[in-house]
There are 2 protein chains.
Amino acid sequence: MLDVTINLPERTMTVKAAAGENLLQVLRTAGVKLDTPCNGNGTCGKCRVKLDGGRVEKRHRGRREEVSGGELLACTSYVTEPLVVTIPRETLLAGGSISLERDSSAFEGRYYSVKKAFEALHGKESHVQAAVLKLVEPTLDDNLSDVDRLLRHLRVDLGCGEAVISLDLARKLPHVLRENDFQVAVVYSRLPDGRVRLLDVKAPEAHPGYGVAVDVGTTSVAACLVDLATEKVLAEGSCANAQSRYGADVINRIIFATKGDGLQLLQDAVVKESINPLIKELCLHCGIAGDEIVLFSVAANTVMTHLLLGIWPDFLRKEPYIPALTATENIAVTAAEIGLCINKNAPVLLAPSVASYVGGDITAGVAAAFLRETEQNSILIDLGTNGEIVLGNSEFAMTCACSAGPAFEGGEISCGMRAAAGAIEGVVLDDTYTAHLKVIGGRKPAGICGSGLIDLVAELKRTGLIDARGRFRKDIKTDKVVYDAYSVGRYIVAAKEQYDIPADIYLTEIDIDNFVRAKAAVYSATCVLLSSLGLDFDDLAEIKVAGGIGNHINLTNAVRIGLFPDINPDKFTFIGNSSLTGSYLSLVNKKATDFLKETAQQMTYLELSVYPGYMDEFVSASFIPHTDRTRFPSAAARS
Amino acid sequence: MLDVTINLPERTMTVKAAAGENLLQVLRTAGVKLDTPCNGNGTCGKCRVKLDGGRVEKRHRGRREEVSGGELLACTSYVTEPLVVTIPRETLLAGGSISLERDSSAFEGRYYSVKKAFEALHGKESHVQAAVLKLVEPTLDDNLSDVDRLLRHLRVDLGCGEAVISLDLARKLPHVLRENDFQVAVVYSRLPDGRVRLLDVKAPEAHPGYGVAVDVGTTSVAACLVDLATEKVLAEGSCANAQSRYGADVINRIIFATKGDGLQLLQDAVVKESINPLIKELCLHCGIAGDEIVLFSVAANTVMTHLLLGIWPDFLRKEPYIPALTATENIAVTAAEIGLCINKNAPVLLAPSVASYVGGDITAGVAAAFLRETEQNSILIDLGTNGEIVLGNSEFAMTCACSAGPAFEGGEISCGMRAAAGAIEGVVLDDTYTAHLKVIGGRKPAGICGSGLIDLVAELKRTGLIDARGRFRKDIKTDKVVYDAYSVGRYIVAAKEQYDIPADIYLTEIDIDNFVRAKAAVYSATCVLLSSLGLDFDDLAEIKVAGGIGNHINLTNAVRIGLFPDINPDKFTFIGNSSLTGSYLSLVNKKATDFLKETAQQMTYLELSVYPGYMDEFVSASFIPHTDRTRFPSAAARS
């Protein structure tokens, strides 16, 4: 075994490695969490480390490496002798950082107005009820057990009929009854068969309980903590999905899940490293104990749902693409079963999936977008790592999904990042090809998020720096574009000297490729979905755009690059994280939970991979804006 | 901190102890498992260790210590300087040893004849059904989820109506379906509300499953492994209840449970150290995997049931003596929730309790004893650590419980042991006061079990060596009785020279006291139960005696010492471990499970501690045979 000394920003450690062992694997075994969206395939170039002692054997795979200054990619390096390796801070997974939304004024538009509109259309019913019971105290002559006594009062006082209680609650009951002189608050929900399930028993003055609604995205996790009595959102937050280090997209996650204890690692990553820390942060912010959270609602794509539940996902990617479950079935999951740090008995409401690649995030999104309540055709486009599109009206709904990759969320982009503080969210190029930046939080730029990428690619194209294929035009001379040893061009968005930042922020031709493939996947999927029904973009009354791409998408630029169709701009609405909003609706209103189930069962799924003409559409859309320029007249008019 | 070196039979270790720390505590912390039925109260004299270095401080408590030859009791010793302690093998808890019943011919009488008689009287219904389903294989056009597909076939092919499936089974389903080309065996049970709960999905040719019936006694645990297809007992075994080291009787267990993490330690002891090893041994013997066990039935007294479920038991011993649950309620417990090493989904059938000190072992026993099926009055006496008595006929059943202590199972007796190989199960004294022994397995004697104690005390009394108070008569000169420094007499049952055994086997006056208190508790409770209904022993058609006291009770001697009433011997039947037999009935027949519940609900409980006259009865019965000799005319005639 060979010694590998690892210098981390805060500490140094030495571990043992076998000769020939992959360096990324050595680091992972040592518990060093790197940001590796390509999961060690040698393609994303994110696992850079600095070699300060010894030499490694390089085995090149995937794309050409862009490393310099003594740095190398851990994933293509193999240990042959003792090493000293330094891990730069930017190589470490930043996913642990949780952003809390502190501006609760935004909650009105994001949650309450949607909730009110939904209630007006579909009615209202709570999942969770609470009541205070004064039990008859036991005596030698009336020596019913505690459980029996409580159930008797539920029947007599509340007319609950048959009620079920968990062992866990039975364990707690004797104490709660006696600490409160047999006067207690019961929190319960009604099962589909009409029986009552006790969720909690507590002091009579205690708050009836809280709920958490979550959106588990492939790249990001977002959640809100809800007071179930008032249905108000007390706090909202988001963080990276810690599964990202095992692969950037659902396909890489599935592949990882099927190797060794990969499935367990992925479930642990999303539950223990993402959802639970996020919930704890929300609880801390509001002064609430995890045990007081008695209801959990989650919307996620089908792969994320499988991984959250610890279910083998491999059959999702193999024809005929069958999920183990879609959550429309009669399966009751409780918080304890998936390791959530909330009340063990809390029911888990799973937003139901339609198919392998159209998940609960989309059924939740359809509810939040009110797609099924109008007679006119509308479309919902969810710009996630898994791009999902729904076309529908009050009569029908049809959906498809495409693999956009993580580019919209800054993944697999050299200097990409999530839409968080420091992200470049808007770009304008002047006549000297110099970029003028809009940075989230007004700070020094740290990277580029999705909306910034839309602007940047549109501006590079508008100014003629790149051609329709996304290649830099060598006939234009500017010091803003430089070429590496392999003649791959890169545009310097923010020079380190100019902004006093550790390194240049740039965009390479490979990044542009990744981004163009993402936008092409979404645009072509939208076209195919429409044409499969003999429709055109002009037949649409509304286009609702959802996703974590950033809050300030420049619509003109999005059309100019060919992401969205060139139609009346007034038809577009940006509705933000519709999956989280739908998850919230399901949490506070059982009618919404039922509506999601009904939606999933009624939605038709179009499998793009077997649809004739989809590949042609995709190839045509892999240009900026498109091979068919007549589809984008306004872009042509301006450029 | 002071070094304490511990010499064990197989190894030596050194641990740290604080000055003034109790030596028993030091040993427990070090993981040394001692047999301490009195839980360190200084009364049982079982925690003998040999001091090979250093001195301890002695703090006497409880009874006078009987230690010699450099030995001392760990529980009354305190560390004041570095020590070297040697633990004799006999001081170590022998509970780990599991005895398997290899004589399956006994199963006919113990299980099958009882099962047939029960079925003839009450009918028959299985808890678990199995069927083979050939599922339609999924295609791109028929892409129902695996769970949905299975539930559809359950509805259509088996008419199951609404079925529920656990997350755990959903995790397994995709693999099982594809490994078996979508033809699988389903194992399911019907919930009280008529819905079907899936228990297992497996290869079509796989055995439908097995069940385990258990009796958890305060001192011993017994179990049988059952083939659910044939309902035959494949193997039977027993072991000590590992909780014994924390206290010999239910009161000591409750007290221990309420201190620190005592409850968890007790639950772990019975599940991880007693039941699970026993099940593993049974599985190993039969070549069956734990996962194939899909049903679990347990009969135990109320305190044992609480501890098995991890429920705080303290309110059981405080007026008004209220159980947290009696298992008559609507509470569904699965194997995983209590940590059993069988199929996670396996339902746990809990024999229901009547009251704090009349448990499921008694409702199970009533079923196995057919007490409620006859018009004549009969009585069931269960000679356990917790002595339980039921009086009843087809019209009513009344029950009470008394604390007999572990003497019937050899506990709190200097040379006592369970009825296992090496136990003296029968004794006759000749004219020279020499004991002639009957030893289980025909081996060298190792100790005395319950039936041996009955004989021994009866013979000591018959030969006049002891008086009615259980004291040795000093006017009789014999070298078989010796006195210690405190003038406490002991009778040498088996001298070490005579039998070539490591130490004498003897019975002290203190042992006789303990045993007489046990028999007095049972006899007086039986009397009070009868007189509370204005009945006499002569009104009884049958007396059924159950318990782990040994298979060969000498009825004449049991009457002679005043344990059983002096009535027509033909009225007595010894039915062995009726709790285990009842647990087996419940496992194989849902009608029996229902019968137990009905029995628990209909049984009237008599709380002895508040019954006037009980203490007088107990005091009168604390003589051999009784203060009122007219009650035992045959004993008087013979002696």
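Residues numbered from 1 in each chain as written. Chains lettered and ligands numbered in written order. Predicted model: local features only at pLDDT ≥ 70, side-chain atom pairs only at ≥ 80, totals over all residues.

(A) Seen up close, the confidence of the model for chain A. All names here are of chain A. Predicted confidence across chain A gives a mean pLDDT of 89, with 95% of residues reaching 70 or more. Confidence scores differ between elements of chain A, with helix α17 (residues 633-638) showing the lowest mean pLDDT of 69 and strand β13 (residues 210-216) the highest of 98. What the predictor reports for the complex is a pTM of 0.79 with an ipTM of 0.80. (pLDDT = per-residue confidence, 0-100. Helix = DSSP H or I, 4+ residues; strand = E, 2+ residues; numbered from the N terminus.)

(B) Structural detail: the interface of chain A and chain B. Facing 44 residues of chain A, the contacting portion of chain B comprises 44 residues. If you list the elements that add at least two residues to the side of chain A that touches chain B, you get α3 (146-158), β10 (163-164) and α4 (167-179) of chain A. With six residues, α4(A) is the single largest residue contributor to the side of chain A that touches chain B. Its residues assigned to classes, the side of chain A that touches chain B shows 26 nonpolar, eight polar and ten charged. (Contact = placed C-beta atoms within 7 Å. Nonpolar A, V, L, I, M, F, W, Y, C, P; charged D, E, K, R; others polar.)

(C) Broad picture of the relation of the copies chain A and chain B. When chain A is fitted to chain B, the best match, at an RMSD of 0.1 Å, comes from turning it 180° and sliding it 0.1 Å along the axis. Read as a symmetry element, the transformation amounts to a two-fold axis. (Least-squares fit on C-alpha atoms with pLDDT ≥ 70 in both.)

(D) Structural context of the sheet that holds strand β19 (residues 386-392) of chain A. Residues and elements named next belong to chain A. One open sheet holds the six strands; their spatial order is β28-β27-β18-β19-β20-β29, and the pairing between them is mixed. At either margin of the open sheet sits one strand with a lone partner, and together these are β28 (572-576) and β29 (604-605). Summarising the sheet, strand β20 (residues 397-403) and β29 pair through two bridges and their orientation is parallel. Residue Met398 lies in a different strand from β29, and its bridge partner there is Thr604. In the packing of helix α9 (residues 360-369) onto the sheet, the strands contacted are β18 (378-382), β19, β20, β27 (542-546) and β28, and the crossing angle to β18 comes to about 135°. (Pairing = 2+ DSSP bridges. Axes fitted to C-alpha atoms, helices over the stretch in contact; angles between N-to-C directions.)

(E) Spotlight on helix α4 (residues 167-179) of chain B. All names here are of chain B. The largest bend in α4 comes to about 35°, at Leu173, with the proline Pro174 one to four residues further on. Those residues of α4 lying buried are Leu169, Ala170, Leu173, Pro174, Val176 and Leu177. Buried residues along α4 sit against α3 (146-158), β11 (183-190) and β12 (196-202). One or two residues past the end of α4 sits Asp181, with phi positive at roughly 50°. (Bend = angle between axes of the 7 residues up to and from the residue. Buried ≥ 20, exposed ≤ 12 C-beta atoms within 10 Å, placed from the backbone.)

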